[in-house]
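# Commentary on secondary and tertiary structure
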Amino acid sequence: MNSILVSTVIFTMMSAIFALLLTIADRTVNNYGEVKITINDEKELNVKGGSSLLSTLIEEKIFIPSACGGKGTCGYCKVEVQDGGGPILATELPFMSEEDLANHKRLSCQCKLKQDIKIHIPEELFNVREYDAVVENIIDLTETIKLLRFRLPEGAEISFKPGQYVQLKAPLYEGNDEEVYRAYSIASSPSNKKFLELVIGYVSQGIATTYVHRHLEIGDPVYINGPFGDFYYQDNDREMVMAATGTGVAPILSLLNYMKENDIKRKARFYFGAKKPEDLFMLDYFKELEETMYDFKFIPSLSRVTEEDNWTGEVGRVDKAINKFLEDGDNKEAYLCGNAPMIDSVVQVLTSKGIPEELIYYDKF
Amino acid sequence: MIELNPMIIFVAAIFTNNMIFSNFLGMCSYIAVSKEISTSLGLGEAVTFVLACTSVINYLIYYYILVPLNLEFLRFIIFIVSIAAFVQLLEMILERYLPNLYYALGIFLPLITVNCAILGVSLFMIIRNYTFLQSFAFSIGAGVGWTLAIVALAGIRQRIKLDSVPVGLRGPGIALITTGLMALAFMGFSGIVQIQ
């Protein structure tokens with residue numbers, strides 16, 4: 001009995017001494033006083049030094065995209081540090097391309113604030129907000145793809161460009177002990193500032209998709225931040241070539257909704273790639289758009305049809321359909337969203353038709 | 001027990017009782033950070049430094065606090081706490097006052113907290129009843145030996161990268177096999193000195 005007491009007391013005391021030492025060190029050694037963050041040469045923030053650039057910016061309500069929550073494993077939180085960031089750490093190097101290094105990019109989660117610092121971030125990030133939204137509706141588009149509508153809280157509004165994405169937080173749930181953020185393109189039109197629609201597919205073992213498909217129900221609260229992304233509608237009069245597979249349809253939907261609502265008179269073609277007829281969705285809606293929009297054609301293409309499917313449309317992957325219908329690349333621009341092999345093959349077809357690479361906008365996932 | 005010269009313990013800890021090759025301790029960072037010679041050397045130096053410091057701290061804690069109170073059995077948990085606290089403290093101090101050293105070694109420090117070779121050395125010196133000087137020599141030797149092992153593996157892995165290793169063995173697989181062969185080679189040193 002006595003030894004239990006003594007050992008508990010001693011262990012507690014030793015731990016307390018170490019904790020005290022660390023606290024003192026944190027207050028003195030780790031105290032970098034107040035530092036100034038200059039953003040884009042105009043905005044100045046006076047903050048407490050000693051923590052990472054990412055967490056400090058988030059405290060100041062500037063949301064840098066980050067999927068891992070500052071552990072230095074996702075490589076999304078790159079920020080241009082012009083001055084005062086110190087040398088780049090070995091923990092960041094695996095995520096940096098030669099171009100990133102030349103542009104003084106740093107992972108903001110690894111860059112610690114020790115002195116006044118000058119950074120440059122895209123203007124759009126100032127527009128990023130966090131929302132405690134509520135699931136308003138869930139529709140099964142296919143067996144593995146759901147369309148979810150999230151209602152923003154009272155008084156909150158979101159303004160984004162069609163094509164941009166938001167991050168959805170997957171909280172802890174049974175079988176998941178890690179909070180992660182995952183990016184999903186917004187499918188609804190930017191004119192709807194009170195709600196967001198996302199198209200989310202099920203990926204087996206996916207932390208966020210399992211959360212959405214197996215746990216999320218109407219009325220549940222979710223945490224969303226955004227908008228992010230440099231894939232969005234470009235205002236000009238070029239003919240639009242759009243292509244998407246699976247959940248990549250989401251940003252294209254947002255683009256089309258936006259064009260329809262604003263009665264934009266541009267020629268547009270949308271190539272929707274899938275494997276089998278049951279993987280296609282919202283066909284009625286695209287047919288309706290064909291009739292109501294200025295000059296829009298919807299071209300679904302299936303890569304794995306059998307005779308039983310009675311499919312009369314295009315057969316093959318999307319790049320094949322584009323190759324067939326796209327005559328030349330004159331005065332055209334392209335919007336693509338899908339997985340890497342799909343994007344790569346479509347970009348190849350488009351450039352061979354003469355669309356310059358800088359007019360091909362895409363979102364790879 | 002024969003009183004061993006600290007120098008002998010030092011040499012033995014490098015060659016015959018190498019932490020990696022004879023005890024297989026500290027394997028996680030050994031496998032993870034052995035892709036390049038320069039980074040593995042940095043980690044090795046950091047491990048050596050932390051080993052030297054923590055063995056002193058733990059020696060003092062054990063013989064001046066735990067033994068008088070008959071709490072020897074608490075050493076496992078106390079050593080872990082003291083190592084973790086020391087590494088944290090060291091990281092903060094390095095970052096503030098020796099930034100250059102921090103950029104070279106400091107980023108490895110969080111890895112070291114959970115490096116079992118560090119705890120292993122502290123426990124071995126207690127189990128083997130080393131004196132203070134012997135413990136210190138042992139810890140430095142263990143650090144040098146660990147560094148030698150990781151740098152050697154990094155050198156070999158840089159070569160292996162150019163070879164066509166079977167798909168299933170790429171990465172940690174071939175590194176572990178290599179380590180096994182290296183351990184066999186190190187058995188050749190066993191005739192030099194023996195420590196228990």
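Note that this is a predicted model, so its numbers are computed, not measured.

### Things to note about the overall build of chain B
Within chain B, the regular secondary structure consists of 9 helices and 0 strands. Each helix (α) and strand (β) of chain B, taken in turn from the N terminus, gives the series α-α-α-α-α-α-α-α-α. Per-residue burial for chain B yields a buried fraction of 42% across its 196 residues. Sequence separation of 24 or more characterises 81% of the internal contacts of chain B that already satisfy a separation of 6 or more.

### A short note on the overall build of chain A
Across its full length, chain A carries 8 helices and 17 strands. Out of the 365 residues in chain A, the part that is buried amounts to 36%. Taking the intrachain contacts of chain A between residues at least 6 apart in sequence as the baseline, contacts between residues at least 24 apart amount to 69%.

### Describing the confidence of the model for chain A
Overall, the predicted model of chain A reaches an average pLDDT of 88, with 100% of residues at or above 70. For chain A, the element scoring lowest by mean pLDDT is strand 17 (residues 360–364) of chain A, at 85; strand 7 (residues 145–151) of chain A scores highest, at 93.

### Examining the interface of chain A and chain B
When the parts of a complex come together, some accessible area is lost, and that lost area is often taken as the interface size. Tallying the contact residues gives 16 residues for chain A and 16 residues for chain B. Partitioning the side of chain A that touches chain B into residue classes produces 12 nonpolar, 4 polar and no charged.

### Re the environment of Cys111 of chain A
All names here are of chain A. Note on placement: Cys111 falls in the loop between strand 4 (105–107) and strand 5 (117–120). Sequence separation between Cys111 and Leu54 is 57 residues; the distance between their C-alpha atoms is 7.9 Å. What Cys111 contacts, discounting residues up to four positions off in sequence, is Ser52, Leu53, Val81, Gly85 and Arg106.

### Some points on the sheet that holds strand 5 of chain A
Residue and element names in this part refer to chain A. Pairing is mixed across the open sheet formed by 5 strands, whose spatial order is 2-1-5-3-4. Sheet topology places strand 2 (43–48) and strand 4 at the edges, where each strand pairs with a single neighbour. Along the sheet, successive strands turn relative to each other by an average axial angle of 40°, direction set aside. As paired strands, strand 1 (residues 34–39) and strand 5 are joined by 3 bridges and run parallel to one another.

### Thoughts on the pairing of strand 13 (residues 267–274) of chain A
Residues and elements named next belong to chain A. Burial analysis of strand 13 places 7 of its 8 residues in the buried class, the great majority of the element. Here 6 bridges tie strand 12 (residues 239–245) to strand 13, and the two strands are oriented parallel to one another. In the strand pairing of strand 13, Ala244 is matched with Phe272. In this fold, the crossover linking strand 12 to strand 13 by way of helix 5 (residues 249–261) has right-handed handedness. Chirality of the crossover, the property in question, places the unit of strand 13, helix 6 (residues 283–292) and strand 14 (residues 295–302) among those that are right-handed.

### Looking at unusual backbone geometry
The peptide bond linking Gly226 of chain A to Pro227 of chain A adopts the cis configuration, its omega dihedral lying at 0°. Along the chain, Pro227 of chain A falls in strand 11 (residues 221–228). Even without a glycine there, the phi angle at Gln205 of chain A is positive, about 75°. Position of Gln205 of chain A among the secondary structure elements: in the loop between strand 10 (195–201) and helix 4 (207–215). Exposure remark for Gln205 of chain A: the 6 C-beta atoms within 10 Å place this residue in the exposed category. For Phe24 of chain B, which is not a glycine, the phi torsion comes out positive at approximately 50°. Mapped onto the elements of the fold, Phe24 of chain B is located in the loop between helix 1 (6–14) and helix 2 (27–32).

Parameters at a glance
- Residues numbered from 1 in each chain as written.
- Chains lettered and ligands numbered in written order.
- Predicted model: local features only at pLDDT ≥ 70, side-chain atom pairs only at ≥ 80, totals over all residues.
- Helix = DSSP H or I, 4+ residues; strand = E, 2+ residues; numbered from the N terminus.
- Buried ≥ 20, exposed ≤ 12 C-beta atoms within 10 Å, placed from the backbone.
- Contact = placed C-beta atoms within 7 Å.
- pLDDT = per-residue confidence, 0-100.
- Nonpolar A, V, L, I, M, F, W, Y, C, P; charged D, E, K, R; others polar.
- Pairing = 2+ DSSP bridges.
- Axes fitted to C-alpha atoms, helices over the stretch in contact; angles between N-to-C directions.
- Right-handed = clockwise from strand over helix to strand, strands pointing away.

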